[in-house]
Each structure stands twice: as structure tokens, then as C-alpha cells.
Amino acid sequence: MTIAVCPGSFDPVTNGHLDIFRRAATHFEEIIVLVTGNPTKTSGLFTIDERVSLIREVTKDVANIRVDSWGGLLVHYTSAHHVTALVKGLRSSLDYEYEVPMAQMNRRLTGVDTYFLLTDEKYGYTSSSLCKEVVKYGGDVTGLVPEAVEAAMKEKLR
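Keep in mind that this is a model prediction, so the values were computed, not measured. (Residues numbered from 1 in each chain as written. Predicted model: local features only at pLDDT ≥ 70, side-chain atom pairs only at ≥ 80, totals over all residues. Heavy atoms only, no water.)

**Q** Break down the sheet that holds strand S4 (residues 85-90) for me, citing the residues and quoting the values.
**A** Spatially, S3-S2-S1-S4-S5 is the arrangement adopted by the 5 strands of the open sheet, whose pairing is parallel. The sheet is open, and its two edges are formed by strand S3 (65-70) and strand S5 (113-118), each paired on a single side. Within the sheet, the average angular offset between the axes of one strand and its neighbour, ignoring direction, is 30 degrees. The pairing of S4 with S5 spans 6 bridges and is parallel. For Leu86, the partnering residue across the bridge sits in S5 and is Thr114. In the packing of helix H2 (residues 48-59) onto the sheet, the strands contacted are strand S2 (30-36) and S3, and the crossing angle to S3 comes to about 175 degrees. On the sheet, helix H4 (residues 93-110) packs against S4 and S5 and is oriented at approximately 175 degrees with respect to S4. (Pairing = 2+ DSSP bridges. Helix = DSSP H or I, 4+ residues; strand = E, 2+ residues; numbered from the N terminus. Axes fitted to C-alpha atoms, helices over the stretch in contact; angles between N-to-C directions. Contact = heavy atoms within 4.5 Å.)

Have a look at this one:
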């Protein structure tokens, strides 16, 4: 079975992320959206459990997407769960520069390849951080995040 992981903090999940998950799901038998804690980022808007719940809600229509969380090294997760590939979305060359060394290290440690999907151009400027900031100051993120996520963001940031 070809199992791929889409790892990330997803705080919150955006429509750009969903686009990557759904497109990846057409190429692999199973996609695991893996919510990870990122120690380089400040405390999140949503807890890990809330992120998992929101992603499950907005991907429930895709049978081969599963959502999980992990707090350790990604290579340990891939080994423990028989993962055959990683899938990452790229918005720009900056994402590429950031992701390539991680992909190379992951391959060196486990032999697992990373597949890069280019983000749909309509989401190229979208980021979780930017969406949080827009909502925090009363702006509209309709179409950039799923409706359930937008409602949860507004509730948290009130």
C-alpha cells in the first residue's frame, strides 16, 4: 500500500492545504494529514487536538484521507507507520529553499522520498499566519479557509 504523509502545523488549515491534501489523495492509496508541533513557532491559536478535529471535519468527504498527530521526529513516525512518501505543498521559491534540506535529511534517515506539489495559484499568497492576522483585526478570509475553520477562528479571536 502506498501511504503518504502531509505533515505540518496547520494552525489553522487553509484551503491551500486542503487543495494539496485532495490532489495528493488522487496519487496515493492513503494520505495521512499529520498535525505536528513546530517548536520554531510561537504558541498556536488552536491546540493540536482542535486542529486534528477541524481537519477531520473538512476532509471527511475524502475516503482515503486520515488525520493523526505526532510530537516527535517525522522519521520515527514514517518508520512506525510504514509511510512510503511525504507530500509538501510549495507556494514559492522560499518554501522550496526551506523544504529541500528537510526532504534530503528525511530521505537520508529513512529512504522516504518527498513529493512537492505546487500550490494552486489562487492560494499562492495564503498562509495560516496571515489568515490569523486578518481575522484578528476583523478582516474577511472567506474562500481562504474552510467555513468551519473561519467560524472557529472568529470564536477563538473574539
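Alright, that's what it looks like, and here's the rest.
**Q** Quick rundown of the side chain of Glu99? Include the residues and the values.
**A** Mapped onto the elements of the fold, Glu99 is located in helix H4. For Glu99, a relative accessible area of 11% gives the class buried. Excluding residues within four positions of it along the chain, Glu99 makes contact with Lys88, Leu90 and Phe116. (Buried < 20%, exposed > 50% of the residue type's maximum accessible area, 1.4 Å probe, protein only.)

**Q** Before we move on, could you go through the nonpolar core and cite the residues and values that matter?
**A** Val13, Phe21, Ile31, Val33, Ile55, Val87 and Met153 are the most contacted members of the largest nonpolar core, which totals 32 residues. Within the residue set of this core, elements represented by two or more residues are strand S1 (3-8), helix H1 (15-25), S2, H2, S3, S4, helix H5 (128-136) and helix H6 (147-157). For Phe21, the contacting residues outside a window of four places in its chain are Cys6, Phe10, Val13, Ile31, Val33, Ile55, Thr59 and Ile65. Core analysis: the second largest hydrophobic core is formed by 9 residues, Val5, Leu34, Tyr77 and Val83 among them. (Core = buried A, V, L, I, M, F, W, Y, C linked by side-chain atoms within 4.5 Å.)

**Q** Could you give an account of the UniProt feature "site: Transition state stabilizer" (unreviewed entry) in the protein chain, naming the residues involved and the relevant values?
**A** Following the UniProt record, the feature "site: Transition state stabilizer" (unreviewed entry) maps to His17 here. Along the polypeptide, His17 turns up in helix H1. Apart from the residues within four sequence positions on either side, His17 is in contact with Phe10, Pro12 and Ser128. (UniProt positions renumbered as here; feature names shortened; annotations may be inferred.)

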